[in-house]
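Report on the structure
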Amino acid sequence: MDRLRSPEASGFGPSGSRAGRQRYDAWRDIPSSQWLSVRWQLQNTVRTAADVGRLLPLSDAEQASIDRLGQSYRFAVTPYYFSLIDPEDPHDPIRRMIVPSIEEEVDLELGEVDPLGEKADQVAPGLTHRYPDRVLFVVTSFCTSYCRFCIRKRNWRGSDAARSTEEVDQALAYIRSHPEIRDVLVSGGDPLTLPLSQLEYVLRGIREIPHVEIVRIGSREPVMLPMRIEPELVAMLERYSPLWVNTHFNHPNELTQEAAAAIDRLLRAGIPVNNQSVLLAGVNDSLEVMKALVQGLLRIRVRPYYLYHCDDVKGTAHLRTSIRRGLEILEGLRGHTTGFAVPTYVVDAPDGGGKIPLMPNYLVSQGERTLVLRNFEGVLVSVADEAPVAAAAKINGDGQLRRRRTRRPAQSVSDLLADESQRLVPAGLPHYERREALRSEPETAGAAASVSPAARPEPPSTPAPRTPRTPRTRRAARDLRVIQGS
Ligand code: SF4
């Protein structure tokens, strides 16, 4: 059971010493048929400090803390997900997300029980109506593994039972009576843990409402128990298209072959899969990890959709980081990797204010008719901020077209605002050095490569003098050949 690898992510996934999935000694002899069985995984879920103590080195204080925390917020981890933890690393990112820690116990003094104020917008059992055209329907509080940072951990204290038929019917009646609702997000807990007949009852009920256009399912099962994405489940989901799955990978070590296979089953059934990550200190709050995660997601054809700032949930202060950190990571992604690998970074406003998207500031200054913008390299450019004016309106008294002023190299943002110059480029940018080099070697750069062999003129008997080749121009020419596939 290998984690997916890439050159960029070589620091993650199996290292030479941990090749393949580590089956802890306790599970080493379990046949694959059992390991891949949902029933076996649930029957062997890790639930107590004693269970953890058999798998990881734990101090007495840690054991006691896990036991105490288990009383207030449920603890359970499937063997599959637990096996992603490196037992030799006390700071392992998967462990931080899933195993209670002494820090969590201290942090119980801080944070909110319901930081997003979901209860305040609850219009029927489990049904939150906050945004104009969509609702959230929490159909169960059960998950096969419980994340310590979950915004709905308040629900774990009660029963983990799914909504009763009467409760589901009440929620469906609300949706039916509100024609503005076109999108229903079915979440939990994890809706994909429900028995198929129960989940199908919910989906069929939603689908029968004519004004509901799409159904979304929020599930971490592809990450925590990918064997649950079984053919029967997928076939049932396929019947309720258009249906989207939002899943939740937080770290590249979660990108295993099993997870990729689960995603593949969904995609082959025409179910698009997006990812929502949570920014967590010590888990994914570095550019290196986040880049490996989003690029790994693209390799398994999952689109990184949201990066949530971690909400102020009780017991999670040790997992929260600053918004500045999130923006710094975004700065390192935008322009530096595939555009659709870059998630939208959102802060959920307290008390049900909704999602607020944030990004680094690319608007540097604004004048009456000109904006100064910044690109990912730090190049400042002036951009006209006025509707295009027809050429006729630009004719001078002498009948000539008014030309833009001659541009000179910019010295400042003020020059850009005054439209004296178009860009201000930091020194040493490889992109501009390459351009410069290409300009000094035009015959390699464009003409020769773009003219078909048949149309190319015969070479003159006496070759034209060439621009002397420097290492830089040679490199530029080579880069160009690579781009042009020659
Ligand atoms: S899987 Fe989702 S709902 Fe369940 S504990 Fe984790 S974050 Fe919460």
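Not measured: the values here are computed from a predicted model.

We now examine the overall build of the protein. When its secondary structure is counted, the protein shows 18 helices and 14 strands. Evaluated residue by residue, the protein yields a buried proportion of 34% over its 486 residues. Taking the contacts inside the protein whose residues are at least 6 apart along the sequence as the reference set, 77% of them involve residues at least 24 apart.

The next subject is the sheet that holds strand S4 (residues 183-187). Spatial strand order, S1-S2-S3-S4-S5-S6-S7-S8-S9-S10: 10 strands in an open sheet with mixed pairing. Edge positions in the sheet fall to strand S1 (122-124) and strand S10 (354-358), since each of these pairs with one other strand and no more. Neighbouring strand axes in the sheet, compared pairwise and without regard to direction, differ in orientation by 30° on average. Inspection of the sheet shows strand S2 (residues 127-129) paired to strand S3 (residues 134-138) by three bridges, in the antiparallel sense. When the sheet's bridge partners are listed, His 129 is paired in S3 with Val 135.

Turning to helix H4 (residues 60-72), a few remarks are in order. If you check H4, its first and last C-alpha atoms are 19 Å apart, about what 13 residues at 1.5 Å a residue would give, namely 18 Å. Of the residues making up H4, those classed as buried are Ser 65, Ile 66 and Leu 69. End-on view of H4: buried residues confined to an arc of 100°, all on one side of the axis. Opposite the buried face of H4, at more than 90 degrees from it, the exposed residues are Asp 60 and Gln 71. Taken together, the buried residues of H4 touch helix H3 (49-55) and helix H7 (102-107).

All right, on to the pairing of strand S6 (residues 243-247) then. Only one face of S6 is buried: it carries Leu 243, Val 245 and Thr 247, and the other face, with Trp 244 and Asn 246, is open. Alignment of strand S5 (residues 214-218) against S6, held across four bridges, turns out to be parallel. Pairing of Arg 216 across the sheet is with Trp 244, part of S6. With three bridges connecting them, S6 and strand S7 (residues 273-279) associate as parallel partners. Along S7, the bridge assignment pairs Asn 246 with Asn 274.

The subject of this paragraph is the pairing of S3. Taking burial as the measure, the five residues of S3 include four buried ones, the bulk of the element. With antiparallel pairing between neighbouring strands as the criterion, S2 and S3 make up a hairpin whose turn holds four residues. Summarising the sheet, S3 and S4 pair through five bridges and their orientation is parallel. The residue bridging Phe 137 from the neighbouring strand is Val 186, located in S4.

This brings us to the site of the ligand. Every residue lining the ligand is accounted for by Cys 143, Tyr 146, Cys 147, Cys 150, Arg 152, Gly 188, Gly 189, Asp 190 and Arg 220. Of the residues that constitute the shell around the ligand, the class distribution is four nonpolar, two polar and three charged.

A few words on the environment of Arg 423. Summarising the element assignment, Arg 423 is placed in strand S14 (residues 423-424). For Arg 423, a count of 16 C-beta atoms within 10 Å corresponds to the partly exposed category. With 49 residues separating them in the primary sequence, Arg 423 and Arg 374 have C-alpha atoms 9.6 Å apart. Arg 423 has contacts with Val 379, Leu 380, Val 381 and Ala 410, leaving out every residue within four places of it along the chain.

Helix length check: helix H8 (residues 165-176) (12 residues) gives 16 Å between terminal C-alpha atoms against 16 Å at 1.5 Å per residue, within 8%. Of the positions making up H8, those classed as buried are Val 168, Ala 171, Leu 172 and Ile 175. One side of H8 holds all its buried residues, which, seen down the axis, span an arc of 100°. Considering only its buried residues, H8 is in contact with S1, S2, S3, S4 and helix H9 (196-207).

Before going further, it helps to examine the confidence of the model for the protein. Of all residues in the protein, 84% attain a pLDDT of 70 or more, and the chain-wide mean is 85. Scored below 50 in pLDDT, residues 445-469 shows 11 contacts in the model against residues more than four places distant or in partner chains. Across residues 475-486 the pLDDT falls below 50, and counting only partners more than four positions away or on other chains, this stretch makes 14 contacts in the model.

Moving on, we come to the sheet that holds strand S11 (residues 363-366). A sheet is described by the order of its strands in space; here four strands give the open sequence S11-S12-S13-S14, paired in antiparallel fashion. Where the open sheet ends on each side, the last strands, each with one partner, are S11 and S14.

When you line up the elements, Val 381 lands in strand S13 (residues 380-384). Taking the C-alpha atoms as reference, Val 381 lies 8.8 Å from Val 413; in sequence the two are 32 residues apart. When sequence neighbours within four positions are dropped, the list of residues in contact with Val 381 reads Leu 373, Asn 375, Gln 422 and Arg 423.

Counting residues in each nonpolar core, the largest one holds 86 residues, and the members touching the most others are Phe 137, Phe 149, Ile 175, Val 184, Ile 206 and Leu 280. Among the elements that line this core, the one with the most residues is helix H13 (residues 287-299), at six residues. Leaving out residues up to four positions away in the same chain, Leu 280 has contacts with Met 97, Phe 149, Asn 250, Asp 285, Cys 310 and Leu 319.

Attention shifts here to the environment of Gln 366. Residue placement: Gln 366 occurs in strand S11. Residues Gln 366 and Leu 417 lie 51 residues apart in sequence; the distance between their C-alpha atoms is 7.1 Å.

Moving on to the packing of H13 against helix H14 (residues 323-333). If you want to describe how two helices pack, look at the angle between their axes and the distance between the axes. With their axes 10 Å apart at the nearest point, H13 and H14 run at an angle of 55° to one another. Between H13 and H14, the angle falls in the class oblique. The crossing of H13 and H14 is right-handed. Residues Leu 287, Met 290, Lys 291 and Val 294 of H13 pack against Ile 329, Gly 332 and Leu 333 of H14. A per-class count over the contact of H13 with H14 returns five nonpolar, one polar and one charged.

Calculation notes
Residues numbered from 1 in each chain as written. Predicted model: local features only at pLDDT ≥ 70, side-chain atom pairs only at ≥ 80, totals over all residues. Helix = DSSP H or I, 4+ residues; strand = E, 2+ residues; numbered from the N terminus. Buried ≥ 20, exposed ≤ 12 C-beta atoms within 10 Å, placed from the backbone. Contact = placed C-beta atoms within 7 Å. Pairing = 2+ DSSP bridges. Axes fitted to C-alpha atoms, helices over the stretch in contact; angles between N-to-C directions. Expected span 1.5 Å × (residues − 1). Arc of directions from axis to C-beta. Near = placed C-beta within 6 Å. Nonpolar A, V, L, I, M, F, W, Y, C, P; charged D, E, K, R; others polar. pLDDT = per-residue confidence, 0-100. Core = buried A, V, L, I, M, F, W, Y, C linked by C-beta atoms within 7 Å. Parallel < 35°, antiparallel > 145°, perpendicular 65-115°, else oblique. Left-handed = near helix turned anticlockwise from the far one by under 90°.

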